[in-house]
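Overview (structure and organization)
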Amino acid sequence: MERTDIEDIIIKDCENQELTKQEYEILKTWLNQSHKNQQLYMQMKMTLLYPKPEDMKKLQKEVWFHLQKRMKGSVTFSENIRRINNFWIRIAAILLVSISIGLLIFLNYNRNEEEIASYPEVKLIEKVSLPGQKITTTLSDGTIVKLNANSKIIVPDSFRGDTREVSLEGEAFFEVVKNEMQPFVIKAKDIKVRVLGTSFNIKSYEDQESVVSVASGKVAVMDQDQKSVNLKPGEKVSFKVDSGTLIKDQFNWVEEYGWKENILVFKENSLSEITEKLSNWYGVDFKMQDDQFDLSKKFSGKYTDPTLKAVLEGLSYVFEFNYHLNQKTIFLEIK
């Protein structure tokens, strides 16, 4: 067996690299030659692969002690002293790097634990607007968020770290306080929005496509594949679920932001789409037999601060239905 063979194999194995069958047999033969070989091997293996932080200094002293003895010639495993010393110098380099890295990780781990322990506990706050409600909330950084009906935002009680991160379900209008050192990030159903300080609207209900429209400043919108689209005022982007793409376009202010001013807008909507919107807007349920109505028929219209009755009266002529209200359930019947 060549000495270089066993040197390379021991180093390879101590670095946790996979041995070939031949290398394994060579290592096995060498280990069986003496008990000292086995002790030496296990010491190196344990030091390299499983160093315990509390034993770092002790291990370092023991490793240096054995290395110095071998390099001085008090213990050898061949008559070729120069080759052995070169071997142990290589092992020493591996051991010292391993111990240094392990100690650094250990010290950083302890420091991070102490730093984390010194931080006050982060509390997540859930703001919810029920169907029929719209609420406005101010976040800890001064950012103002207006939630549309049937929406929810999850925010920390205070922002820490490199970003100000929140989660949104539904629709909300954000007026973000500018902070270039701490970008504001909103996670929604299938998109992520990143801004420094601007105002914009996000619509991301579970059963609808996600839409972001910008009122002021610049906004970056990313999909789940990290593809990004940058928006400026007057632009919007829609995430198309069927194609998995972000489509940028211009938008009508009233259509996107009208809900903030209590303006109810329909644009080429079917009766089923209209009743879904009215359910959120007024907090009511609709009951109707779909097969009685022409669901392909579309309607566009705008109502400012409307009552439910006024909207139903207008729609009843367009879609030719009668309606009656039972508590919070509205029954529609074809005329």
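The structure this text deals with has already been given above.
As the structure is a computational prediction, the values presented were derived from the model and not from experiment.

Some points on the overall build of the chain
- Along the chain, the regular secondary structure elements total 8 helices and 18 strands.
- Across the 335 residues that make up the chain, the buried fraction comes to 40%.
- Of the roughly 19600 Å² of accessible surface on the chain, a fraction of 50% belongs to carbon and sulfur atoms.

Quick look at the packing of helix 7 (residues 271–282) against helix 8 (residues 308–319)
- Contact geometry for helix 7 and helix 8: axes closest at 12 Å, N-to-C directions at 175°. Relative to helix 8, the element helix 7 is oriented roughly antiparallel. From helix 7, Leu271, Ile274, Leu278 and Tyr282 reach across to helix 8, where they touch Leu308, Val311, Leu315 and Phe319.
- Grouping the amino acids of the contact of helix 7 with helix 8 by side-chain chemistry returns 8 nonpolar, no polar and no charged.

Observations regarding the pattern of salt bridges
- According to the stated counting rule, one finds 12 salt bridges in the structure shown.
- Here Glu180 ties to Lys178 by a salt bridge, and the two come within 3.5 Å at their closest N and O atoms.
- The exposure class of Lys178 is exposed, given its relative accessible area of 56%.
- Salt-bridge contacts for Lys240 lead to Glu209; the nearest nitrogen and oxygen are separated by 3.1 Å. Residue Lys240 is located in strand 12 (residues 235–240), and its partner Glu209 is located in the loop between strand 8 (199–204) and strand 9 (210–216); the two are separated by 31 residues in the primary sequence.

Thresholds applied
Residues numbered from 1 in each chain as written. Predicted model: local features only at pLDDT ≥ 70, side-chain atom pairs only at ≥ 80, totals over all residues. Heavy atoms only, no water. Helix = DSSP H or I, 4+ residues; strand = E, 2+ residues; numbered from the N terminus. Buried < 20%, exposed > 50% of the residue type's maximum accessible area, 1.4 Å probe, protein only. Areas by Shrake-Rupley, 256 points an atom, 1.4 Å probe, with all protein chains shown as cover. Axes fitted to C-alpha atoms, helices over the stretch in contact; angles between N-to-C directions. Parallel < 35°, antiparallel > 145°, perpendicular 65-115°, else oblique. Contact = heavy atoms within 4.5 Å. Nonpolar A, V, L, I, M, F, W, Y, C, P; charged D, E, K, R; others polar. Salt bridge = Lys/Arg side-chain N within 4 Å of Asp/Glu carboxyl O.

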